[in-house]
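Results of the structural survey
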Amino acid sequence: MTDKPEKLIDKKGLRLDGRKPDELRPIKIEVGVISNADGSAYIEQGKNKVLAGVYGPREVHPKHLALPDRMVLKCRYHMAPFSVQERKSPAPSRREIELSKVIRESLEPAIFVEYYPRTMVDIFVEVLQADGGTRCASITAAALALADAGIPMRDIVVACAAGKAGDTIVLDLMDEEDKYGTADVPVALMPNLNAVTLLQMDGILSYDEFESAVNLAIEGCKKIYTMQKEAIRRKYASAKEEGEE
Ligand code: UDP
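Bear in mind that the values here come from a model prediction, so they are computed numbers and not experimental data. (Residues numbered from 1 in each chain as written. Predicted model: local features only at pLDDT ≥ 70, side-chain atom pairs only at ≥ 80, totals over all residues. Heavy atoms only, no water.)

Turning our attention to the site of the ligand. Met79, Val84, Lys88, Arg95, Ala130, Asp131, Gly132, Gly133, Thr134, Arg135, Asp175 and Asp178 make up every residue found near the ligand. A distance of 2.7 Å is found between an oxygen atom of the ligand and a backbone nitrogen or oxygen belonging to Gly132. Residue Thr134 places a side-chain N or O atom 2.5 Å away from an oxygen atom belonging to the ligand. The pocket occupied by the ligand, as judged from atoms lying within 2 Å of grid points, is the largest pocket. Among the secondary structure elements, those contributing two or more residues to the shell around the ligand are helix H2 (134-148) and helix H3 (175-180). Its residues placed into classes, the shell around the ligand shows three nonpolar, three polar and six charged. (Near = heavy atom within 4 Å. Polar contact = N/O pair within 3.5 Å; in protein donor to acceptor, adjacent residues only side chain to side chain. 1 Å grid on protein atoms, 1.4 Å probe; cavity = no way out; pocket = protein on both sides within 12 Å on 5 of 7 lines; lining within 4 Å. Sits in = over half its atoms within 2 Å of the grid points. Helix = DSSP H or I, 4+ residues; strand = E, 2+ residues; numbered from the N terminus. Nonpolar A, V, L, I, M, F, W, Y, C, P; charged D, E, K, R; others polar.)

Let us now look at the sheet that holds strand S5 (residues 119-129). Across the sheet, five strands lie side by side as S1-S2-S3-S5-S4; this open sheet has mixed pairing. Each end of this open sheet is capped by a strand with a single partner; those strands are strand S1 (27-31) and strand S4 (72-79). Each strand axis lies, on average, 15° off the axis of its neighbour in the sheet, ignoring direction. As defined by bridge partners, strand S2 (residues 39-45) adjoins strand S3 (residues 48-59) across seven bridges and the pair is classed as antiparallel. Note that in S3 the partner of Ala41 across the bridge is Ala52. Lying over the sheet, H2 contacts S1, S2, S3, S4 and S5, oriented at roughly 150° with respect to S2. (Pairing = 2+ DSSP bridges. Axes fitted to C-alpha atoms, helices over the stretch in contact; angles between N-to-C directions. Contact = heavy atoms within 4.5 Å.)

The final tally for this structure, using the stated rule, is two aromatic pairs. Plain terms: the ring middles of Tyr55 and Phe124 are 5.7 Å apart, the flat faces sit at 75° to each other, and that makes the pair edge-to-face. Placement of Tyr55 in strand S3 and of Phe124 in strand S5 is noted, with a sequence separation of 69 residues between them. Taking relative accessible area as the criterion, Tyr55 reaches 22% and is therefore assigned partly exposed. Ring plane angle 10° and centroid distance 4.8 Å describe the contact between Phe112 and Tyr115, whose orientation is recorded as stacked. Over the ring of Phe112 we find Arg154; its NZ or CZ atom is 4.4 Å from the centre of that ring. Here the guanidinium or amino end of Lys235 rests over the ring plane of Tyr236, the centre of that ring lying 5.3 Å away. (Phe/Tyr/Trp six-rings, centres within 6.5 Å; stacked < 30°, edge-to-face > 60°. Buried < 20%, exposed > 50% of the residue type's maximum accessible area, 1.4 Å probe, protein only. Lys NZ or Arg CZ within 6 Å of the ring centre and 35° of its normal.)

One number sums up the size of the largest pocket: a volume of about 880 Å³. Taken together, 32 residues line the largest pocket, and the ones lying closest to its centre are Val84, Ala130, Gly132, Asp175 and Lys179. Looking at the lining of the largest pocket, the elements that each hand over two or more residues are helix H1 (94-107), H2, H3 and strand S8 (183-190). Its residues assigned to classes, the lining of the largest pocket comprises ten nonpolar, nine polar and 13 charged. (Points joined across faces, edges and corners; volume = space filled by probe spheres on them.)

Tracing the backbone through its elements, the reader meets Ser138 in helix H2. Residues in contact with Ser138, not counting those within four places in the same chain, are Val50, Tyr77, Ile103, Val125 and Val127.

This next bit is on the state of the cysteines. A full pass over the atoms with the stated rule returns zero disulfides. Between Cys75, a cysteine without a disulfide, and Cys136, which holds the nearest cysteine sulfur, the sulfur-to-sulfur distance is 13 Å. Here Cys136 is not cross-linked by a disulfide; its sulfur's nearest cysteine counterpart is in Cys160, at 6.2 Å. (Disulfide = S-S within 2.5 Å.)

Our next topic: the environment of Val214. Along the chain, Val214 turns up in helix H4 (residues 207-244). By relative accessible area, which is 14% here, Val214 ends up buried. Between the C-alpha atom of Val214 and that of Val187, which follows or precedes it by 27 residues, the distance is 7.1 Å.

A few words on the pairing of S2. With seven of seven residues buried, S2 is to be regarded as a mostly interior element. Burial of S2 is two-sided: the residues Gly39, Ala41, Ile43 and Gln45 facing one way and the residues Ser40, Tyr42 and Glu44 facing the other way are all buried. Note: S1 against S2, five bridges, orientation antiparallel. Bridge assignment links Val31 to a residue of S2, and that residue is Ala41. A loop of two residues connects S2 with S3, the two strands running antiparallel in sequence, and Gly46 in this loop sits at a positive phi of about 60°.

And the structure:
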């Protein structure tokens, strides 16, 4: 584990990695990266590296789990043993089981689950490298993988956290800010419907600080949403070019 830094915010108001309080980490997104999946996406957000694959709609196994009026949505969030400094056991931890549920519940409101009764859609999220905010990066990538799989959705879902480091409200916390900061507020948003599908808080904030953190996280989500759209367009532009060749 990294040592506790002396200060999370320096005299100039900058963070440990030189970011301003309202700045996102550098983000790279690619859609359609696993040819064996029905849909997939990869995101790098700072030092986070997350891969999402979607399979389905397909037959439900075991069959008795099938629902007569809607699809079954399943999600598995998993951190690779080499994704963090101290080796993580490959077995699912309590945290991973909880995050799998949190990610599924953030995505489910966007999906027309009633279009595919008696089927199942699986979302697999593999965290290859973790540096704080992996649940948000996972939601952003998994939503793109669902779109790439052609699953009908009301809107895309995009996620970003804000929180408090030192005395400052900051956007997109990295690992040290997450561990040694005062609070972390992950938010997932359907940007066109302007509806929040995930709101969590870890730590302590005053009412006003909480409001600022939520608003800042929503601003972050909107910026990442433009990158999601560009990533989808790139995938279809290259598919079109390949078709024309
Ligand atoms: N982490 C770790 N080992 C673990 C689980 C988490 O080092 O077994 C780190 C990892 O960098 C992760 C961060 O702690 O991103 C924060 O984890 P948290 O549970 O707050 O979820 P996240 O912020 O990734 O959504």
